[in-house]
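Now for the letters of each chain:
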Amino acid sequence: MRSGVFRQARWGEPLIFELSREGRVGSTVPGVEEGIRDIVGEAESLVPASLLRREAPPLPRVSEVEVLRHFIHLSQMNYGVNSGRFYPLGSCTMKYNPVVNEVVASDPRLLSAHPYQDVSTVQGILEVLYRLKVWLMELTGMDDMSLQPAAGAHGEFLGNLIVRAYHASRGELEKRREMIVPDSAHGTNPASARMAGFDVVTIPSGEDGCVDLEALEEAVSDRTAGLMLTNPNTLGIFESNIKEISEIVHGAGGLLYYDGANFNAILGKCRPGDMGFDIVHLNLHKTFSTPHGGGGPGSGPVGVKDFLADFLPVPVVAYDGERYYLDYDRPHTVGKIRGFYGNVSPMVKAFAYILSLGFEGLKEAAELAVLNSNYLARKLSGVRGFSLPYAPRKPRKHEFVLSASEMARETGVRALDVAKKLLDYGIHAPTVYFPLIVEEALMIEPTETEPLEELDRFVEAFEEISALAYSRPEEVRAAPRNTSVERLDMARASHPRTFCLSWRRYKRLEGESKGE
Ligand SMILES: *Cc1c(COP(=O)(O)O)cnc(C)c1O
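Keep in mind the model is a prediction, meaning the values are calculated, not measured.

Caption draft 1: Seen up close, the site of the ligand. In the neighbourhood of the ligand, 13 residues make up the surrounding shell, with Ser 91, Gly 152, Asp 259, His 285 and Lys 286 lying closest. At 2.6 Å, a side-chain N or O of Ser 91 approaches an oxygen atom of the ligand. In this structure, an oxygen atom belonging to the ligand sits 2.8 Å away from a main-chain N or O atom of Ala 153. Within the complex, the protein chains bury 86% of what would otherwise be the 380 Å² of accessible surface of the ligand. Examining the composition of the shell around the ligand, we find that three residues originate from one element, helix α6 (residues 152–169), more than from any other. Here the shell around the ligand is built from residues that sort into three nonpolar, seven polar and three charged.

Caption draft 2: Molecular detail of the nonpolar core. Leu 132, Leu 136, Leu 216, Ile 245 and Phe 288 are the most contacted members of the largest nonpolar core, which has 51 residues in total. Elements with a contribution of two residues or more to this core: α5 (123–140), α8 (213–219), β6 (224–229), α9 (242–251), β7 (255–260), β8 (279–282), β11 (324–327) and α12 (344–380). With 10 residues, the single largest contributor to this core is α12. Taken domain by domain, the makeup of this core includes at least three residues from each of domain 2 (119–356) and domain 3 (364–492). For Phe 288, the residues in contact, after removing those within four places along its chain, are Leu 136, Leu 139, Phe 263, Leu 267, Leu 282, Asn 283, Lys 349, Ala 350, Tyr 353 and Ile 354.

Caption draft 3: Fine view of the side chain of Glu 399. The topology assignment puts Glu 399 in the loop between α12 and β12 (400–403). An unpaired buried charge is present at Glu 399: no salt bridge exists, and Lys 286, the closest side chain of opposite charge, is 8.3 Å distant. Among the polar contacts listed, one links the side chain of Glu 399 to the backbone nitrogen of Ser 91, at a separation of 2.6 Å. Filtering out sequence-adjacent residues up to four positions away, Glu 399 remains in contact with Gly 90, Ser 91, Asn 233, Thr 234, Leu 235, Gly 236, Asn 262, Ser 373, Met 443, Ile 444 and Glu 445.

Caption draft 4: Here's a closer look at the sheet that holds β12. Across the sheet, which stays open at both edges, the three strands sit in the order β12-β14-β13 with antiparallel pairing between neighbours. Bordering the open sheet on either side are β12 and β13 (431–432), each of which pairs with just one other strand. Summarising the sheet, β13 and strand β14 (residues 441–444) pair through two bridges and their orientation is antiparallel. Counted as the bridge partner of Thr 431 is Met 443 from β14.

Caption draft 5: Structural view of the pattern of salt bridges. One pass over the structure, following the stated rule, counts 24 salt bridges. For Glu 448, the salt bridge identified is with Lys 95, shortest N-O distance 2.8 Å. In this pair, Glu 448 is assigned in the loop between β14 and α15 (452–471) and Lys 95 in the loop between α2 (64–77) and α3 (99–105), connecting sequence segments 353 residues apart. Overall, the relative accessible area of 4% leaves Lys 95 in the buried class. Linked by salt bridges that have partners in common, Lys 133, Asp 144, Asp 327 and Arg 330 make up one network.

Caption draft 6: The arrangement of the side chain of Thr 431 in detail. Mapped onto the fold, Thr 431 is located in strand β13. Within polar-contact distance, the side chain of Thr 431 engages the backbone oxygen of Gly 90 at 2.7 Å. Setting aside residues up to four positions removed in sequence, Thr 431 forms contacts with Leu 89, Gly 90, Ala 441, Leu 442 and Met 443.

Caption draft 7: Quick look at the environment of Leu 357. Structurally, Leu 357 can be placed in helix α12. Residue Leu 357 is classed as partly exposed on the basis of its relative accessible area of 34%. Sequence separation of Leu 357 and Arg 194 is 163 residues, and the distance between their C-alpha atoms is 38 Å. If sequence neighbours within four positions are ignored, Leu 357 has contacts with Leu 362 and Ala 365.

Conventions adopted
Residues numbered from 1 in each chain as written. Predicted model: local features only at pLDDT ≥ 70, side-chain atom pairs only at ≥ 80, totals over all residues. Heavy atoms only, no water. Near = heavy atom within 4 Å. Polar contact = N/O pair within 3.5 Å; in protein donor to acceptor, adjacent residues only side chain to side chain. Areas by Shrake-Rupley, 256 points an atom, 1.4 Å probe, with all protein chains shown as cover. Helix = DSSP H or I, 4+ residues; strand = E, 2+ residues; numbered from the N terminus. Nonpolar A, V, L, I, M, F, W, Y, C, P; charged D, E, K, R; others polar. Core = buried A, V, L, I, M, F, W, Y, C linked by side-chain atoms within 4.5 Å. Buried < 20%, exposed > 50% of the residue type's maximum accessible area, 1.4 Å probe, protein only. Domains from an automatic or database assignment. Contact = heavy atoms within 4.5 Å. Lys, Arg positive; Asp, Glu negative; His and termini not counted. Salt bridge = Lys/Arg side-chain N within 4 Å of Asp/Glu carboxyl O. Pairing = 2+ DSSP bridges.

Right, dumping it as structure tokens:
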């Protein structure tokens, strides 16, 4: 009998694919009692004969201990935030996830609440959502907010729909079709703008890595719908000309959109609303600690200034001084963009995170994240083969982008090889080859949570990898060696034809390649 149970006999040895043995069982079920047998018989007679199973299902025959070892082993083949080490994935804010968040979010009273329940019976959770919204509005300087979007990109899409609805309400939508996006932006920015129907106008970054004001002046016109900006930008540099930028965009009749996915740097320090932004999205699953990866669930709330509040999706969580309710009374709403009220569990975790730190604690988190980032930027840009392009003397915020272009030129070892070699140290790879304006980019974000010793071990790993690159570069290019699988063919691993989600697919592909 074929089954999908496999395990490694010993570390480093090939996988034993087939563990199933006829007659082996994992558990014993007591015999069916007489009284129940009648009920089972009756149930059987209700199922059409064609749907009744005639043979036992082809399940693997394995003992309980084998099943346990199999699944525990699979779980350990992956990198884990708590089983691995440092997780410096730039533009992702991979925080450790406080256990208290999980405890709070898995309260049975929350888990069993149903979105169709009458609001009078869910006042508690509505209060949580409302108070979270007030905190986030206060932190961003916005006047109202929707918690509906399920991700950052989803929030961007909503933001763009609001820009559209605003211009349409003024009879200017036909004319204002251009969304301006800097070339350092996260890839989701131009994609969301395009999905909302805008033409994307890209403007180059200046030599200091910031928006080039002259290029912006040239790009704006009466066709401008708005500008999407990340501040600090994806190089980790604060756009100190933000007031001028705001004047240029607003002067042309456009709106200013803030990509606040990585709000970690300025949390409690300054607010997009005070910088002139009209619309903001946040990623609760970055800045506010929910684990992410593997596709969710995420949460990308969108905040707006007063004059845009009428366009928010319905319902908006609201409070009338006595009770919490769902406000559907937004005549100019862009509609619903997500079932019910969005993903509630990341919201609960974000609220737990905010309450456990308090305002002073959030500010301190931002300060430590920025301190850690500058510490690493300084140390790593001094390691042979690496440099800090764009205004190397300018302080960074929560993240920075290192370039391995010198190392690539001199040794053939590229940013990707360095990232793979870091895996051998048990360290998660940084983001590589983003943003596109940096050659051989390694984007590093330490967050506030790692101790100094771990940051120093990261620097040591870079020093060792650099020494290896300049002495035996082929060893870096062959990394990783200590992981559960060695370097993958990334094209094959992600191509729909060769992407394997189960062992059956592997078997079929193996058959195809042998011409079976
Ligand atoms: C992560 C990120 C996004 C997108 O967020 P998702 O939740 O992955 O859709 C957008 N902008 C920036 C700057 C980001 O880091």
